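Working through the structure, step by step
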Amino acid sequence: MDFSHRAIEKKWQKYWKEHNVYKTTNVNEQKAYILDMFPYPSGAGLHVGHVKGYTATDVFARFRRMQGCDVLHPIGWDAFGLPAEQYALKTGNDPREFTLKNINTFRTQLQALGFSYDYDKEVNTADPNYYKITQWIFQQMYNKGLAELRDVEVNWCQELGTVLANDEIIELNGIMVSERGEYPVVKKTMRQWVLKITEYANKLLAGLDNLEWPQSVKDLQKNWIGKSEGMEIKFTTTANLTIPVFTTRADTIYGVSYIVLSPEHELVSKITTVSQKPLVDLYIQKTLSKTEIDRKDETKPKTGVFTGTMAINPITGEEVQIWIADYVLKDYGNGAVMAVPAHDTRDWEFANKFGLPVKYVIEPKDITKPFVGEGLHINSGILNGLNRQDAINKISELIVSKNLGVRRVNYKLRDWLFSRQRFYGEPFPLVYTSDGQIGLIDKSELPITLPKTEYIKPTKTGESPLANVPEWINTTFNNQPAVRESNTMPNSAGPSWYYLAYILTDKPGQLIDIESEEAKKRFAKWMPVDLYIGGQEHAVGHLLYARFWNHVLYDLGILSTPEPFKNLFNQGMILGPDNRKMSKSKGNVINPDDVISSHGADALRLYEMFMGPLDASLPWSFDGLDAALKWLNRAYRMINKVKFSNTNNGNLDFVYNDVVKKVTEMVTDLKFNTAISQLMVLVNYIYKEAQGTVYKPYIEGFVKMLGLFAPHLAEELWNILGHTSTVTLTNWPTYDSSKLVLNTTTVAFQVNGKLRGSIEVAKGLSKTQLLTLAKADANVAKFIEGLTIVKEIVIPDRIVNIVVK
Ligand code: ANZ
């Protein structure tokens, strides 16, 4: 008989809750902090993609718990956000109620999946008790000079009443429009809060070295920070104005054939001659409507205009023309470039278009192209005959000694624009007094909460929604009239420290003081996070911001580790059955609730962990899901069928110990799909013994291991085996290596006769078992994906060859 997933899942979820089985313990020497990227509680509910990452951390948390660690495995809500704000705008409802409703749905869904979260530690970024600390952290940044009001040029969309990020804008018929709604977007200077993440650029770069993160994510962060070492060299105009330029190639200074300023450069108006002014003005006008992405686009034809003025090369004394062009960005380096068309592709295109001179200063291979490679210098005075690095060193020394420039390190990283013209975010914990000063609200008066209001639209004059609420905006500070900031913090603020909030939380909404000794002690125990699983889309945004805040809190003495996330893993996506990204519009979305009801949470969990390597993006398969449930039933029937014994007949010694060893290693390495195949192998062997008896501790070991993936069924089986306790809190099975001697063989996996993998297994595995193992191999899977299997050849103990076409 098959088991009833509905009955047993409900039963054990109730048991776990009543017995508080997943409460965070604080009794062991070893700890494991296992963290998920917390969800944004959207109206759509949980996605099967969430289930993949959350099951993976759950498996690992259960594993570490059974291995005798104190485990912190919490969940919470990234609850501020644009969708809730827009829903509120549309319906006139309060975004808070909407969010709470969604949170309740999400929590119910998570509980239905049997995840072992400690729900007492639940956090919600939009809860005033939570954002009280977000506000306090902002104040610490302000006190350290890391938060500053600045006039920044922003992309303003009048229609949406808000500032947009570069990636929220597209170009339409040559003008910038919002991606959402295609409303016009203009550049506008606004006074905004910025956080000076650039001051931490070096620490954020250096810190990457000690992290066990995917190389791809480290590279993305590294490029985002974009450290560039070079020189700032002073050119002068014939009227003796100084133009510093940033270059990483000071060695090419003998090849400079013109200077380019960004159209926004402050000197442009001073140096443009009367006759060139109309052209220059027109060009500047056009530049304003271009996006930065557009300007960086190397495929677009180069444009620019001559200013009419000449500059003098400080090394050669030569006079060169000064141009403006939009390929020079205003806020990188000095917003000015010494152009060397012979050795820089952009300069080459520009010089060709406008007939400017090209002078090679490094022996080129082909004079129909710019030469960007390594070579020896020519036409370069004192640098002749030197290679790039030697030439850079020599000219840099000369420039510094003659005071013609300085060494400079530049970063691509920009400061973090921290103001949003929205309602549903954290208010800033400060006021502006009538004499123009900024006053920080005392900690005892935090949080500054959002008012209840229906007017969450921007004001007619373009001010932020909170400016609509005079009784909130107008206040007093030290008995003097003062106004509050009407902007709110960005959605990325709360998530920048939520992993610390769990540590401070004892009951939802009850956080201990972040400055207390107790907090320090707890941080010292739990930080850094030992395993953080989430999607690759957060590679730079969230993960960089959180690292920044963590470094700041470390420098403040609150934390004892500068880096928050020791180990990061990016789970792959679950694609639709049609192999495309799941989306409502394509109608290929799988709803976890439906699957839980048809197949059960255990089958869903098992299926998602078995479908392939955790980092692979793979399509949903209903056959795979059916197979998972079928195997769970096979395991269930097994317990009822076999006879147990407390004496060991030795028959399963090798297989059992081998499987325990492999599962332990594979789970440690997050190779859950292969760990599950090992459990399948074990079940097959136990069935073979069904005529005789099976040593009971081996069956128990199996149930414990099964519990990582299918916790409800494992509890049920544990019960059937005669235990009244929970299997979740037992110890992880150990293996006896003396039982593992040389009963193994290496089986080669081939696809179309080519070696694609191998595995060490117990001798005597059946053909089906070997095929299962071969197909579970990541590399084999890659080579058969999407193809039709025409033949499967298995030579037991030696080779599996899968023929595909
Ligand atoms: C002369 C030169 C010769 C350059 C050569 C390159 C090759 P990274 O590595 O990205 O830092 N540059 C400087 N400021 C710029 C700005 N605001 N907008 C666009 N380009 C700018 O690149 C540094 C190089 O990019 C600098 O070195 C400068 O061109 C250009 F054969 O100077 B180079």
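Residue positions within a chain follow its written sequence, with the count starting from 1. For a predicted model such as this one, the threshold for reporting local features is a pLDDT of at least 70, and the threshold for listing and counting side-chain atom pairs is 80 or more; totals across whole chains, interfaces and linings nevertheless cover every residue.

Helix and strand content of the chain: 25 helices and 33 strands. Every one of the 805 residues in the chain was classed for burial, and the buried ones make up 42%. For the purposes of this entry, the term helix denotes a DSSP run of H or I that reaches at least four residues, the term strand denotes a run of E that reaches at least two, and both are numbered from the N terminus. Note on burial: count the other C-beta atoms lying within 10 Å of the residue's C-beta; 20 or more is buried, 12 or fewer is exposed, in between is partly exposed, and C-beta positions come from the backbone.

Before going further, it helps to examine the pairing of strand 12 (residues 258-261). Residues Tyr 258 and Val 260 point to one face of strand 12 and Ile 259 and Leu 261 to the other, with burial holding for every one of them. In short, DSSP must find at least two bridges between two strands for them to pair. The pairing of strand 12 with strand 15 (residues 336-339) spans four bridges and is classified as antiparallel. For Leu 261, the partnering residue across the bridge sits in strand 15 and is Ala 336.

Looking at where Asp 94 falls in the secondary structure, it is placed in the loop between helix 3 (82-91) and helix 4 (95-112). Given 18 C-beta atoms within a 10 Å radius, Asp 94 is considered partly exposed.

Here the domain parsing of the chain yields domain 1 (28-125 + 492-571), domain 2 (137-200 + 416-484), domain 3 (227-411), domain 4 (584-740) and domain 5 (744-804). Of note, the centres of domain 1 and domain 5, computed from C-alpha atoms alone, are 40 Å apart. Where each domain starts and ends comes from a domain assignment, either automatic or drawn from a database.

Whether a residue is near a molecule or strand depends on its C-beta atom, placed from the backbone, lying within 6 Å of it. Not every one of the 17 residues close to the ligand is listed here, only the nearest: Ser 228, Thr 247, Arg 249, Gly 333 and His 343. At the level of secondary structure, the elements contributing two or more residues to the shell around the ligand comprise strand 11 (242-247) and strand 15. Along the lines of polarity and charge, the residues of the shell around the ligand split into seven nonpolar, eight polar and two charged. When residues are grouped by polarity, Ala, Val, Leu, Ile, Met, Phe, Trp, Tyr, Cys and Pro land in nonpolar, Asp, Glu, Lys and Arg in charged, and all others, Gly among them, in polar.

Time to look at the packing of helix 19 (residues 622-641) against helix 23 (residues 711-720). In this analysis an axis means a line fitted to C-alpha atoms, helices contributing only their contacting stretch, and an angle means the value between N-to-C directions, from 0 to 180 degrees. Closest axis-to-axis distance for the helix 19/helix 23 pair is 10 Å, and the angle between their directions is 10°. On the basis of the axis angle, helix 19 is roughly parallel to helix 23. For the pair formed by helix 19 and helix 23, the contact residues are Leu 632, Tyr 636 and Ile 639 on the first element and Leu 713, Leu 717 and Ile 720 on the second. Of the residues that constitute the contact of helix 19 with helix 23, the class distribution is six nonpolar, no polar and no charged. Note on angle classes: values under 35 degrees are labelled roughly parallel, values over 145 roughly antiparallel, values of 65 to 115 roughly perpendicular, and the remainder oblique. In this description, a residue-residue contact is defined by the distance between C-beta atoms placed from the backbone, which must lie within 7 Å.

Another point: the sheet that holds strand 31 (residues 754-762). With respect to topology, four strands assemble into an open sheet ordered 31-30-33-32, the strand pairing being mixed. Only two strands of the sheet have a single partner each, and these edge strands are strand 31 and strand 32 (789-795). With direction set aside, neighbouring strand axes in the sheet form an average angle of 15°.

Turning our attention to unusual backbone geometry. Most peptide bonds take the trans form, and the phi angle of most residues other than glycine is negative. With an omega of 0°, the peptide bond between Leu 446 and Pro 447 qualifies as cis. Structurally, Pro 447 can be placed in the loop between strand 19 (438-440) and helix 13 (470-473). Looking along the chain, the bond that leaves Met 527 and enters Pro 528 is cis, with omega of 0°. By secondary structure assignment, the location of Pro 528 is in the loop between helix 15 (517-526) and strand 24 (531-534). Backbone geometry places Asn 379, a non-glycine residue, at a positive phi of 45°.

When the UniProt feature table is mapped onto this chain numbering, "domain: Aminoacyl-tRNA synthetase class Ia" (unreviewed entry) sits at residues 518-607. Span residues 518-607 is 42% helix and 10% strand, its end C-alpha atoms 42 Å apart. UniProt positions are given in the numbering used here, feature names are shortened, and annotations may be inferred rather than shown by experiment.

To continue, consider helix 21 (residues 672-688). Take the number of residues in a helix, subtract one, and multiply by 1.5 Å to get its expected span. Helix length check: helix 21 (17 residues) gives 25 Å between terminal C-alpha atoms against 24 Å at 1.5 Å per residue, within 8%. The element helix 21 is largely enclosed, with a buried count of 12 among its 17 residues. Along helix 21, the residues classified as buried are Phe 672, Asn 673, Thr 674, Ala 675, Ile 676, Ser 677, Gln 678, Leu 679, Val 681, Leu 682, Tyr 685 and Ile 686.

Further remarks concern the packing of helix 1 (residues 5-18) against helix 23. Direction vectors running N to C along helix 1 and helix 23 enclose 85°, while the axes themselves pass 9 Å from each other. By the angle between their directions, the pair helix 1 and helix 23 is classed as roughly perpendicular. Listed contacts from helix 23 to Ile 8, Glu 9 and Trp 12 of helix 1 are His 712, Leu 713, Glu 715 and Glu 716.

Next up on the list: the sheet that holds strand 19. A sheet is described by the order of its strands in space; here four strands give the open sequence 19-18-21-20, paired in antiparallel fashion. The outermost strands of the open sheet, each flanked by one partner alone, are strand 19 and strand 20 (474-477). Here the average twist between neighbouring strands, direction ignored, is 45°. Across four bridges, strand 20 lies against strand 21 (residues 480-484) in antiparallel orientation. Paired with Phe 477 across the bridge in strand 21 is Gln 480.

What follows concerns the nonpolar core. Within the largest apolar cluster, 162 residues are counted, with the highest numbers of intra-cluster contacts made by Val 59, Ala 501, Leu 606, Phe 672, Leu 682 and Leu 706. Beyond its immediate stretch of four places on either side in the chain, Phe 672 contacts Ala 56, Val 59, Met 609, Leu 614 and Val 667. As used throughout, a nonpolar core is a set of buried Ala, Val, Leu, Ile, Met, Phe, Trp, Tyr and Cys residues joined through C-beta atoms within 7 Å of each other. Counting 41 residues, the second-largest nonpolar core is a separate cluster that includes Ala 311, Ile 322, Ala 325 and Ala 391.

Our focus in this paragraph is the environment of Leu 717. Note on placement: Leu 717 falls in helix 23. Placed 110 residues apart in sequence, Leu 717 and Tyr 607 show a C-alpha to C-alpha distance of 19 Å. Beyond its immediate sequence surroundings of up to four residues, Leu 717 is in contact with Tyr 636, Ile 639 and Val 703.

Quick look at the pairing of strand 21 now. Examined bridge by bridge, strand 18 (residues 430-433) and strand 21 share three bridges and lie antiparallel to one another. Directly across from Thr 433, in strand 21, lies its bridge partner Ala 482. Connecting strand 20 to the next strand, strand 21, in antiparallel fashion are two residues, including Asn 478 with a positive phi near 50°.

Our focus in this paragraph is helix 5 (residues 128-143). For helix 5, spanning 16 residues, the distance from its first C-alpha to its last is 22 Å, which sits close to the expected 22 Å at 1.5 Å a residue. Every buried residue belonging to helix 5 is among Tyr 130, Tyr 131, Lys 132, Ile 133, Thr 134, Gln 135, Ile 137, Phe 138 and Met 141, and all of these are buried. Residues of helix 5 that are buried sit in contact with strand 4 (123-124), strand 5 (147-157), strand 9 (186-195), helix 14 (498-504), strand 23 (510-511) and helix 16 (541-555). Where helix 5 terminates, the next one or two residues include Gly 145, which has phi positive at roughly 75°.

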